[in-house]
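# Architecture and fold: a report
The chain contents come next:
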Amino acid sequence: MPSVDAIIASPQLAGLERVSHGGGGRDIRDVRLAEQFADLGQAPADSIVVLGRSASAEATDYRFDMGLRWAALQGVAAVAAYSGSRWRPTATAADIAERSGMALISVPGQAEITGLIRAIRREIGGTAEVALARAEAGIAAVNRLEQQGASLAAMCQEVSQALGTPVEFSPDPGAVGAAVVTSQVTVGYIAAPAVTGDLAVAARIVLHAAAAAAGRIYDAERRSRELPVRSRGQLLAELLISEAALGEDLLDRARQLGVPLTGWHVAVRLEADNLDDAGRDEVHRFELLEAAGQVALQAATGSGTWYLSSVSRAIVLISMSASDPGPQAGARAARAAERVLEAARERLPRLRLRAGVGAAHQGPLGLRASAAEARAALAAARAAGRNDPVVAHDATGVQRMLLEWYASDSARSSVRELLAPLERLGSPRAETAIRTLAVYLDEQGSAVRAAQKLHLHRNAVTYRLRQISHLLEADLADCDQRLALQLACRARLLQ
Amino acid sequence: MKRLLDEPALRALARGCAVLGTGGGGDPRIGLLLALQSLEEVGPTELVDLDDLPDDALIMPCGMVGAPTVHIEKIENGGEGAVLREHLERLTGREVAALMPAEIGGSNGLLPLCWAGRMGLPVVDADGMGRAFPLIPQVTMHLAGVDPNPGVMTDERGNVLVFSAVSGEWMERLERSAAVEFGGAGAATEYTMTVGQARDATVRGTFTLAIRIGEALTSAVGDPIAAVLAVAGGYPLMSGKVTDVERRTTKGFVRGSVVIEGLGDDSGRLLRLEIQNENLVALEQGTVLASVPDLITVLDTETADAIPTERVRYGQRVTVIAMPCAPVWRSDFGLRMAGPRAFGYDFDYVPVEELAGASA
């Protein structure tokens, strides 16, 4: 049961003041309204009796003294009266109150009486009523903050104030906490570590609302951040998919979105070999590709300006530059593609992604061309049964050159002669040896990189090469021999 | 028993009338001055008992109607009583045998004997209240059903009004407004009656009582207040210091509250006195200690002289006493006319002997 002083300390009863010396510690069980002094004698024990305004105006009357005495006999704990300025009870009234340990309370003149009685009722009502009142205040605060789009910190602070207990954003939910979820990922918890009892129940309700609101605020923020990205991606998809001539409208939109269509573009196309198995339904597959796209964009960004677009069942990353990126553009894009695939393997291990890389071309039509090359590269690789994760368009025409050269008999017999010692190992050892050599030479003699490519330990690569160079009786330090062997391996592996 | 009122008697009478005036009725000093002058000019007035007169002799109850304080400036000519008597005799066709104060309290206890002395008539040892009350029908004659008519009023200028009112309440309204026109006060007579009627319609022996109270005050050995209480049969309520005097208007009544903080044996106690023209209610801790129609008087603690309500001031050392009223006021009709509710107080009358017994 709260005491008189505890009740009037409540923020909703601001302005009430005890004007008697004693009575502050009296327990209050009930509240009554007295419209006339006679009502004072009807009030129950341990109650606080609030005098109506007209009765309050007469509080200097002898009848108030009489009423107060009856109230004292009834065991009333406190009498409150309205007063323009701080109530000054008469000496005789103060005396009566003092003798019976009653509290006399001054109520500010403008206090609205039903609100006052209700607020006192709440305070008396005990912890459950108070908790409910706090819950109400807390939810109101949450709604208000969500409308304003407030920060998480502001949310925690205001909820803390409304509940009257500390509230914080924490990685750990504790006993009373609610998860803040954004794009299906829990980023943390809004928790009230110090709360107990009825207030804990109220806090749980409010924290749930707060966490949900915070999640929605996060999502809204992310969407507004991503919106330009999405609309750009949308634009590029339109560009890539449509085969019609490019309208002014498209170019205009590109300008508005800040997409430099007039520059140079290199396209990287990502496809998942096992998309049908990885996703349980079309929606899920779509979600997986979406996620993969995000991961890809994050991984690619850092080496130039990349844009992301989704086309049917594939992700297209486009590197755009204002000026001609030079002959190494494709290679750079390929390396970026490798990083992307690595990141994707980590975050979405279930998806087996491959990347096709196009050559650098200029302008919106050039973008289409690069994208088409990337697509063709992947198709060709699949057709050839190659498993390389990253395949590049043969921009330099190396493949063509090799094919033409290898068409001649003399070339063929040179290759056979060169690689004969390895062929004599017989299949599959021959393939393995040739492949090892090819990769080693492609990686310019780096055993480490070759090992990575071949998924072997460096020592294994070194060992194999010792064998191979011994068998071939070749000096791999000699650049001519190296070139000859590289060509030979390439040609051999074309088959 | 007949008695000539000499100077010591007059002085004692004045002090006694003040005590019986319960704070109202006007300062008897003015009445005393008039009485002493009358004594000097025409000799002492005779005080007689009702039993000393034949039953059919006519009694003229009289006094001042209006604000007693006006008396200080608006001085009478001394012949008002004779004017009243002349008109009364003419109207009734009877001779007036004696005068009687309508109220013994305050200066109205002394005026009739000035008028009587100048006419060579006696005053009877009785009055219509046994104390002071503000309104004309608040007299025992009204309770006894005596006809208030005819009412006669006169002022120092010689104006005369004769009233034939349908009731005591109407007599009050008419005479009150006439008094205002007179300049605040006028001399009046109502409720003319025979001695036979007067026996049951008056409070008897009040002159004697007043004189005895005054004598007790003058000649007390030791505590004068105790002496008064012994004579009047009253109860001490509290002795202390006035700490608050407040006047306000509520529901048309001019009301005041006086708070007295107990001293000595009464230290720690607080008495609240509700006043209008007279002291009407005494309360302590929200409980009534005494109320109208019982008499409540504020005495100066040193001199035991009564302090009129308008003279109560912060810091005065006072003793408040209560005395039982004449029994007739305790009847239903009496309480209707002059009980607490008649003065706008919202509680029922309890005799002071009971209340004093409760707190004793």
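To keep things clear, this report deals only with the structure shown in the data block. (Residues numbered from 1 in each chain as written. Chains lettered and ligands numbered in written order. Predicted model: local features only at pLDDT ≥ 70, side-chain atom pairs only at ≥ 80, totals over all residues.)

## As for the environment of Glu89 of chain B
All names here are of chain B.
- Looking at the secondary structure, you find Glu89 in helix α3 (residues 80–92).
- The spatial distance from the C-alpha of Glu89 to the C-alpha of Met60 is 9.8 Å, given a sequence separation of 29 residues.
- Sequence-distant contacts of Glu89, defined by excluding residues within four places in its chain, comprise Arg94, Glu95 and Val96. (Helix = DSSP H or I, 4+ residues; strand = E, 2+ residues; numbered from the N terminus. Contact = placed C-beta atoms within 7 Å.)

## Re the pairing of strand β17 (residues 295–300) of chain B
All names here are of chain B.
- Most of β17 is tucked away, with 5 of its 6 residues classed as buried.
- Sheet analysis places β17 next to strand β18 (residues 317–323), joined by 6 bridges and oriented antiparallel. Bridging from a neighbouring strand, Asp300 pairs with Val318 of β18. (Buried ≥ 20, exposed ≤ 12 C-beta atoms within 10 Å, placed from the backbone. Pairing = 2+ DSSP bridges.)

## What about the pairing of strand β10 (residues 305–311) of chain A?
Residues and elements named next belong to chain A.
- Burial of β10 is extensive: 5 of the 7 residues sit out of reach of the surface.
- For β10 and strand β11 (residues 314–321), the ladder comprises 7 bridges, and the chain directions are antiparallel. The residue bridging Val311 from the neighbouring strand is Ala314, located in β11.
- Linkage of β10 to β11, two consecutive antiparallel strands, is achieved through a turn of 2 residues, within which Arg313 is found at a positive phi near 60 degrees.

## Details of unusual backbone geometry
- In the segment running from Ser427 of chain A into Pro428 of chain A, the intervening peptide bond is cis, with an omega of 0 degrees.
- Note that Pro428 of chain A resides in the loop between α15 (409–423) and α16 (429–442).
- Pro150 of chain B follows Asn149 of chain B through a cis peptide bond whose omega is -5 degrees.
- Summarising the element assignment, Pro150 of chain B is placed in the loop between α5 (140–143) and β7 (151–154).
- One non-glycine residue, Tyr191 of chain B, lies in positive phi territory at about 55 degrees.
- If you trace the backbone, Tyr191 of chain B turns up in the loop between β9 (185–189) and β10 (193–194).
- Of the residues examined, Tyr191 of chain B has 29 C-beta atoms within 10 Å and is grouped as buried.

## What to know about the sheet that holds strand β4 (residues 78–83) of chain A
Residues and elements named next belong to chain A.
- If you trace the 5 strands from one edge of the open sheet to the other, you get β1-β5-β4-β3-β2, paired in mixed fashion. What marks the edges here is a single partner per strand, and that holds for β1 (17–18) and β2 (30–34).
- Sheet topology places β1 next to strand β5 (residues 103–108); 2 bridges connect them, and they run antiparallel. Residue pairing across strands places Glu17 opposite Ser106, the latter belonging to β5.

## Regarding helix α1 (residues 7–20) of chain B
All names here are of chain B.
- Taking 1.5 Å of rise per residue, 14 residues should cover 20 Å, and α1 covers 20 Å from first to last C-alpha, within 8% of that figure.
- The buried fraction of α1 amounts to 11 of the 14 residues, a majority that puts the element mostly inside the structure.
- Within α1 the residues assigned to the buried category are Ala9, Leu10, Ala12, Leu13, Ala14, Arg15, Gly16, Cys17, Ala18, Val19 and Leu20.
- At its buried positions, α1 is contacted by β1 (3–5), α2 (28–42), α8 (206–219), α9 (224–232) and β17.
- In the stretch just after α1, Thr22 is the one whose phi turns positive, near 45 degrees. (Expected span 1.5 Å × (residues − 1).)

## Focus: the interface of chain A and chain B
- Opposite the 12 residues of chain A that make contact, chain B presents 14 residues.
- Elements with a contribution of two residues or more to the side of chain A that touches chain B: α3 (62–74) and α4 (91–99) of chain A.
- Here the side of chain A that touches chain B gets 6 residues from one element, more than from any other, and that element is α3 of chain A.
- By residue class, the composition of the side of chain A that touches chain B is 5 nonpolar, 2 polar and 5 charged. (Nonpolar A, V, L, I, M, F, W, Y, C, P; charged D, E, K, R; others polar.)

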